[in-house]
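The residues making up each chain are set out below.
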Amino acid sequence: MTSSSSHKHDTTRHLLGLEGMPPDRITSLLDLAENYAQLNRSCAAPRDVLRGRTLINLFFEDSTRTRTSFELAGKRLGADIVNMSVSQSSVNKGETLLDTAATLNAMRTDLLVVRHSQSGTPTLLARKVDASVINAGDGLHEHPTQALLDGLTIRRHLGTLESLTVAICGDIAHSRVARSNIHLLTTMGSTVRLIGPPTLVPKTFKQLGVNIYHHMDEGVKGVDVIMMLRLQRERMSTGLVPSAREYFRFWGLDRKRLNLARKNALVMHPGPMNRGIEIESSVADSDQSVIQQQVEMGVAVRMAVLDVLTRNKDTP
Ligand code: ASP
């Protein structure tokens, strides 16, 4: 493992979170991603951008969309990809993680995409390896590429990320997606409403500059975007919600509630969706839903991130 040098802490070399990222950096990432989205549609992605580079997907937690889309993104830009799924049970915390980092470092990896159930793991690894580290979701902390792809999807439909009102609904407490989106949307000048029961939307979120609502109908009134979140039971140590049926009754997005938002408001969900628990199937599949476009933008955003971090790393 290399000694710690100043470039290890360079925030332009890693993507660990969106907290504190300046608006112009977010905009330039989204502009590049927009370009890649168009190239992807015409099958014209430049395969030489990451030629000769190695990307390792290091996933300590399950993933379908994120892992696959990092893989596709890397392949479209010509990188060599290795997928490592490390089952949680085989990981012996601290020491093993650092041993893993040392091993990957010795393999001269260029890009390390990390998902872990513990907040802060990608940051720790970034201090220990020479590769550029990308946080693909760490515990309750952040999921920066998810918020970037959400931002790109919104911008493509509404033309801006400024002066919008976005409702993020449901299990905020356990959601790294919510945290990253709060940082991105407030940085770009939009208003964020968090909607959910007090057990899942703690008051402490107010510090992030958002408005909190404990009534769904009131919260979605007039908003431009409704972002639904999955009920993350795997992160709950106690039953914070009475039952799935009751949850849907109070906090689920159905047609009646959607009609309270602005006409043609966008419906979003990061996936995986629990149909009938946080979102009615017909709403998820309606023409106001941009859920599949979020997935498409995920590949473009990850291409932009891999491209930019590699260029930043090459610049002395
Ligand atoms: N896929 C997202 C995440 O990894 C959201 C979810 O799991 O509900 O955080």
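Here the residue numbers are simple positions, counted from 1 along each chain's written sequence. With the structure being a predicted model, the display of local features is reserved for residues of pLDDT at least 70 and the display and counting of side-chain atom pairs for 80 or more, all residues being used for whole-chain, interface and lining totals. Processing note: side-chain calculations cover all non-hydrogen atoms of the structure and skip hydrogens and water entirely.

A look at the layout of surface pockets
We apply this condition: We place a 1 Å grid over just the protein atoms. Points where a 1.4 Å probe fits but has no way out form a cavity, open points with protein on both sides within 12 Å along at least 5 of 7 lines form a pocket, and any residue with an atom within 4 Å of a point lines it. Grid points are joined across faces, edges and corners, and a volume is the space filled by probe spheres set on the points. Numbered from the N terminus, helices here are DSSP runs of H or I no shorter than four residues, and strands are runs of E no shorter than two.
The volume enclosed by the largest pocket comes to roughly 430 Å³. Asp62, Arg115, Arg176, Arg230 and Pro272 are the residues nearest the centre of the largest pocket, which is lined by 20 residues in total. Every element with two or more residues in the lining of the largest pocket is listed here: α2 (65-76) and α6 (176-187).

What about the site of the ligand?
Rules: When we say a residue is near a molecule or strand, we mean one of its heavy atoms is within 4 Å of it. Definition of a polar contact: a pair of N or O atoms within 3.5 Å, with one able to donate and the other able to accept a hydrogen when the atoms are protein atoms, and with sequence-neighbouring residues admitted only if both atoms are side-chain atoms. Note that accessible areas follow from Shrake-Rupley with a 1.4 Å probe, and for residues the cover is restricted to the protein chains shown. Pocket occupancy is defined atom-wise: a molecule lies in a cavity or pocket when more than half of its atoms are within 2 Å of its grid points.
Every residue near the ligand is listed here: Arg115, His143, Arg176, Val177, Arg230, Gln232, Gly271 and Pro272. One of the side-chain N or O atoms of Arg115 is found 3.1 Å from an oxygen atom in the ligand. Between an oxygen atom of the ligand and a side-chain N or O atom of Arg230, the distance comes to 2.7 Å. Starting from 270 Å² of accessible surface for the ligand in isolation, the protein chains cover 92%. Its atoms largely coinciding with the cavity grid, the ligand occupies the largest pocket.

Quick word on the pattern of salt bridges
The condition is simple: By definition, a salt bridge exists where a carboxyl oxygen of Asp or Glu is found within 4 Å of a side-chain nitrogen of Lys or Arg. Throughout this description, buried means an accessible area under 20% of the type-specific maximum (1.4 Å probe, protein chains only), exposed means over 50%, and partly exposed covers the range between.
This structure, assessed with the given rule, holds 12 salt bridges. The closest approach of N and O atoms between Arg155 and Asp31, which form a salt bridge, is 2.9 Å. In this pair, Arg155 sits in helix α5 (residues 144-158) while Asp31 sits in helix α1 (residues 23-41), placing the two residues 124 residues apart along the sequence. A salt bridge links Asp224 to Arg262; its shortest N-O distance comes to 3.0 Å. Taken together, the positions of Asp224 in the loop between α7 (216-220) and β8 (225-228) and Arg262 in the loop between α9 (255-258) and β9 (266-268) put the pair 38 residues apart, joining distant regions of the chain. Take Asp224: its relative accessible area is 11%, and that puts it in the buried class.

So, empty space enclosed by the protein
For the coordinates displayed, the defined rule picks out two cavities of 30 Å³ or more. As a volume, the largest cavity reaches approximately 80 Å³. What lines the largest cavity is Arg65, Thr66, Ser69, Gln146, Leu149, His269, Pro270, Ile291, Gln294, Val295, Gly298 and Arg302. Looking at the lining of the largest cavity, the elements that each hand over two or more residues are α2, α5 and α11 (291-314).

Brief notes about the pairing of β8
Condition: Whether two strands pair depends on DSSP finding at least two bridges between them.
Residues Val225 and Met227 line one face of β8 and the alternating positions Ile226 and Met228 line the opposite face, and both faces are buried. Two strands pair when backbone bridges link them, and strand β5 (residues 165-169) and β8 are joined in this way by four bridges, in the parallel orientation. Note on β8: the bridge partner recorded for Val166 is Val225. With three bridges connecting them, β8 and β9 associate as parallel partners. Its bridge partner being in β9, Val225 is matched across the sheet by Leu266.

A short note on the sheet that holds β5
Here is the rule we go by: The convention used is that axes are lines fitted to C-alpha atoms, helices contributing only their stretch in contact, and that angles between N-to-C directions extend from 0 to 180 degrees. Every residue pair with non-hydrogen atoms within 4.5 Å of one another is taken to be in contact.
Judged by pairing direction, the sheet is parallel, and its five strands sit side by side in the order β7-β6-β5-β8-β9 without closing on themselves. Each edge of the sheet is formed by a strand with only one pairing partner; in this case those strands are β7 (211-213) and β9. Taken over all neighbouring pairs, the strand axes of this sheet differ in orientation by 20° on average, direction set aside. As paired strands, β5 and strand β6 (residues 191-195) are joined by five bridges and run parallel to one another. The residue bridging Ile168 from the neighbouring strand is Leu194, located in β6. Strands β8 and β9 of the sheet are contacted by α5, whose axis makes an angle of about 165° with β9.

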